[in-house]
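Take a look at the letters that make up each chain.
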Amino acid sequence: MSSQLDFNHLKIAILGGGPGGYEAAMVAASLGAEVTIVENKGVGGSAVLTDVVPSKTLIATADTMVRVANAHTTGVQFDDPQAAWADLGQVNERLLKLAAEQSGDIADGLERAGVRILHGHGKLLEDHCIEVDTGTETETVQADAVLVSTGAHPRELPDAKPDGERIFNWTQVYNLNELPEKLIVVGSGVTGAEFASAYNGLGSHVTLVSSRDQVLPGEDADAAQVLEKTLQGRGLKLLARTRAQSVQRTDDGVRVFLNDGSTVDGTHCLLAVGAVPNTAGIGLEESGVALTDSGHIKVDGVSRTTAPNVYAAGDCTGVFALASIAAMQGRIAMAHLLGDIVKPLKLKQVASNIFTSPEIASVGVTEAEIASGQYQGDVVKLPLRTNPRAKMMNVEDGFVKVFSRRGSGTVIGGVVVGPRAAELIYPIALAVAQHLHVDDVANTVTVYPSLTGSISEAARRLHVRSS
Ligand SMILES: Cc1cc2nc3c(=O)[nH]c(=O)nc-3n(C[C@H](O)[C@H](O)[C@H](O)COP(=O)(O)OP(=O)(O)OC[C@H]3O[C@@H](n4cnc5c(N)ncnc54)[C@H](O)[C@@H]3O)c2cc1C
């Protein structure tokens, strides 16, 4: 329980209006609190304005291009096979418009719910107040409790400064009017892999610089292998186990200097080397909010920080850098603060997706955790190429994996690699969250033919015979 608060007309100040902040605001307002959101860019935050919405809209166009490029395999012929091209100016104009509209829709929803939106840069003061610099004046928002949801910003390398012309971070690429001819993507985590896949699909010559053995370090190794093979098959050049030391402009492009002494030239470079939490200089430590060594805010399972009645949600906490988790942390914080029913966040039930082509979705325990003995589990992997619907769609790569607890047969995790994996993971996520048995999944009739048929078949193969 939160300490010594009268729940009636509680005043809540939220610093940062991304998914962590605006979802919390909606919940708090519905529970009767008086809510002010302080936001310095636009509600929706980076998630809506620069990260999730624009990148996924770009990827939707790239997916269309990939389907067009593969159309001949299903009998569709174009008189001129080179006829399709992506007008990047138009693509970017569309995605920025979509992001602005989404931000506007969220602002309308908040205002309808009675939430006050204050535009400006906020700083936490003692006694749960926030000082806001609106650009023209300084206003202090008085509150009984605070939620910090300030997000994160792109990490920079000391010798590779983005200039927004040839060297970019992911917030800057939407200014491009023409497709980069030769794009070098530095960093093969989720963001780097998604952009490399997208620009490869749109028609750029992409070089991906990866410091690790596999792209998508930490993700399912088989999934990473499928992605590497598919992208390389589409012409992407992968430079593995090498680090970019610096990036410089040349007369007509960029040169990336690698740690083995070699260089790679391109027309543009996109840096995707991680994110830094927005926690510096906003009064957190002065107010008793403890930070980790990486600068993230320390929180517990119900989003409490170390300061009484100061909560935190989203990327500034470093719990799981997903918009869905930011939103859930924000909702949990407000339910806890306002004395509503609270279920702490369970990270092992979180479904996530990497929007590459093919997509990679996962939930729950990983195969690596089973292999290391951390979990006692059984694994079944089925390639999609044996699935009838996949054959009709000409899907050659990709697979479904389901993990069950050894002995009991409870579903504990899974991975899907294939088209629309983000949608296909849901039955496995549902099974994990509801502790369903593999027989529950296997005995649910699936559509024939369908890709989900492979999920139920994997579950069937994990059946535990009664003794
Ligand atoms: C390229 C990319 C693609 C992604 N795609 C996905 C995806 O497909 N699915 C998914 O779930 N996640 C995705 N993510 C992650 C997702 O964007 C983040 O997890 C999400 O934005 C976190 O939400 P948040 O509320 O913590 O922060 P944000 O969305 O960053 O919002 C925080 C807001 O607070 C504002 N702010 C910061 N400091 C202050 C201050 N002092 N005063 C006032 N305002 C302040 C910021 O300007 C910002 O608007 C992606 C990330 C990237 C980089």
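Definitions and limits used
Here, residues in each chain are numbered from 1, in the same order as that chain's written sequence. Per-residue local features of the predicted model are confined to residues with pLDDT of at least 70, and side-chain atom pairs are confined, for both listing and counting, to 80 or more; whole-chain, interface and lining totals are unaffected and use all residues. Heavy atoms from the whole structure form the basis of all side-chain values; hydrogens and water molecules are not counted. By nonpolar core we mean a set of buried residues, namely Ala, Val, Leu, Ile, Met, Phe, Trp, Tyr and Cys, connected to one another through side-chain atoms within 4.5 Å. Any residue under 20% of the maximum accessible area for its type is buried, any over 50% is exposed, and the rest in between are partly exposed; the area is computed with a 1.4 Å probe on protein chains only. Runs of E in the DSSP output that reach at least two residues are strands. Runs of H or I that reach at least four are helices, and both are numbered from the N terminus. Note on contacts: a residue pair is in contact if any heavy atoms of the two residues lie within 4.5 Å. Working definition: a ring pair exists when centres of Phe, Tyr or Trp rings (six-membered ring for Trp) sit within 6.5 Å. Plane angles under 30 degrees give stacked, over 60 give edge-to-face, the rest tilted. Here a strand pair is declared whenever DSSP counts at least two bridges between the two strands. The axes used here are C-alpha line fits, helices contributing only the stretch in contact, and every angle between their N-to-C directions lies in the interval 0 to 180 degrees. Where each domain starts and ends comes from a domain assignment, either automatic or drawn from a database. Angular relationships are summarised with four words: roughly parallel below 35 degrees, roughly antiparallel beyond 145, roughly perpendicular across 65 to 115, and oblique for the angles in between. Should the near helix be turned anticlockwise from the far one by less than a right angle, the crossing is left-handed, and should it be turned clockwise, the crossing is right-handed. If even one non-hydrogen atom of a residue comes within 4 Å of a molecule or strand, that residue is called near it. Pairing of N or O atoms within 3.5 Å defines a polar contact, subject to two protein rules: one partner must be a possible hydrogen donor and the other a possible acceptor, and residues neighboring in sequence count only if both atoms are side-chain atoms. Using a 1.4 Å probe, the Shrake-Rupley method yields the accessible areas, and only the shown protein chains count as cover for residues. A right-handed crossover is one whose linking path, passing over the helix from the first strand to the second, runs clockwise when the strands point away from the viewer.

We now examine the nonpolar core. Ranked by size, the top nonpolar core spans 42 residues in total, and within it L58, F195, Y199 and L202 carry the most contacts. Contributions of two or more residues to this core are made by helix 3 (52-70), helix 4 (88-112), strand 10 (182-186), helix 5 (190-202), strand 11 (205-209), helix 6 (221-233), strand 22 (399-405) and strand 23 (411-418). Discounting residues that sit within four places of it in the chain, L58 has contacts with L88, V91, N92, L95, F195, A198, Y199 and L202. Ranked by size, the runner-up nonpolar core spans 29 residues in total, among them V35, V115, I117 and M334.

Under the criterion given, the structure shown has 1 aromatic pair. Each ring, one from F195 and one from Y199, has its centre 6.4 Å from the other, and the planes form 20 degrees; the classification is stacked. Taken together, the residues F195 and Y199, both in helix 5 and 4 residues apart, mark about one turn of the helix. On the accessibility criterion, F195 (5% relative accessible area) is buried. Residue class for Y199 comes out buried when judged on its relative accessible area of 1%.

As a further point, take the environment of T250. Assignment of secondary structure puts T250 in the loop between strand 13 (244-249) and strand 14 (254-258). Considering only alpha carbons, one finds T250 and V273, 23 residues apart in sequence, at a separation of 22 Å.

The subject of this paragraph is the sheet that holds strand 6 (residues 138-141). If you trace the 3 strands from one edge of the open sheet to the other, you get 4-5-6, paired in antiparallel fashion. Two strands in the sheet have a free side with no partner beyond their single neighbour: strand 4 (121-124) and strand 6. The mean angle between the axes of side-by-side strands here comes to 25 degrees, regardless of whether they run parallel or antiparallel. Across 4 bridges, strand 5 (residues 130-133) lies against strand 6 in antiparallel orientation. Bridging from a neighbouring strand, I130 pairs with V141 of strand 6.

Moving on, we get to the domain arrangement of the protein chain. When its domains are assigned, the protein chain resolves into domain 1 (11-60 + 88-152 + 276-347), domain 2 (167-273) and domain 3 (358-461). Between the C-alpha centres of domain 1 and domain 3 the distance comes to 34 Å.

The next thing to look at is the packing of helix 3 against helix 5. It is the contact of helix 3 with helix 5, at a shortest axis distance of 8 Å, that shows an interaxial angle of 40 degrees. It follows from the interaxial angle that helix 3 and helix 5 lie oblique. Handedness of the helix 3/helix 5 crossing: left-handed. Contact residues: S55, K56, L58, I59, T61, A62, M65 and V66 in helix 3; E194, F195, A198, Y199, G201 and L202 in helix 5.

Neighbouring the ligand are 35 residues; E39, N40, G122, D315 and A323 lie closest to it. At 2.6 Å from an oxygen atom of the ligand is found a side-chain nitrogen or oxygen belonging to N40. A distance of 2.9 Å separates a nitrogen atom of the ligand from a polar backbone atom of G122. For the ligand, the protein covers 92% of the area, taking 1000 Å² as the surface of the free molecule. Taken together, the elements giving at least two residues each to the shell around the ligand come down to helix 1 (19-30), strand 2 (34-39), helix 2 (45-49), helix 3, strand 4, helix 5 and helix 7 (323-337). Counting only domains with at least three residues in the shell around the ligand, you end up with domain 1 (11-60 + 88-152 + 276-347) and domain 2 (167-273).

Our focus in this paragraph is the pairing of strand 2. By the criterion of burial, strand 2 is predominantly enclosed, with 5 of the 6 residues buried. When strand 1 (residues 11-15) meets strand 2, the two strands line up parallel, connected through 5 bridges. Looking across to strand 2, one finds that I12 is bridged to V35. This β-α-β element, strand 1 to helix 1 to strand 2, shows right-handed connectivity. Pairing analysis gives 4 bridges linking strand 2 to strand 3 (residues 116-119), with the strands arranged parallel. Note on strand 3: the bridge partner recorded for I37 is I117.

With that settled, consider the sheet that holds strand 22. The 5 strands are arranged 19-20-23-22-21 in an open sheet whose pairing can be described as antiparallel. Two strands bound the open sheet, and with one partner strand each, they are strand 19 (352-354) and strand 21 (377-383). Ignoring which end each strand starts from, the neighbouring axes of this sheet average 10 degrees apart. Of the pairings in the sheet, the one linking strand 19 to strand 20 (residues 359-364) comprises 3 bridges and is antiparallel in character. Across the sheet, I354 pairs through a bridge with I360, a residue of strand 20.

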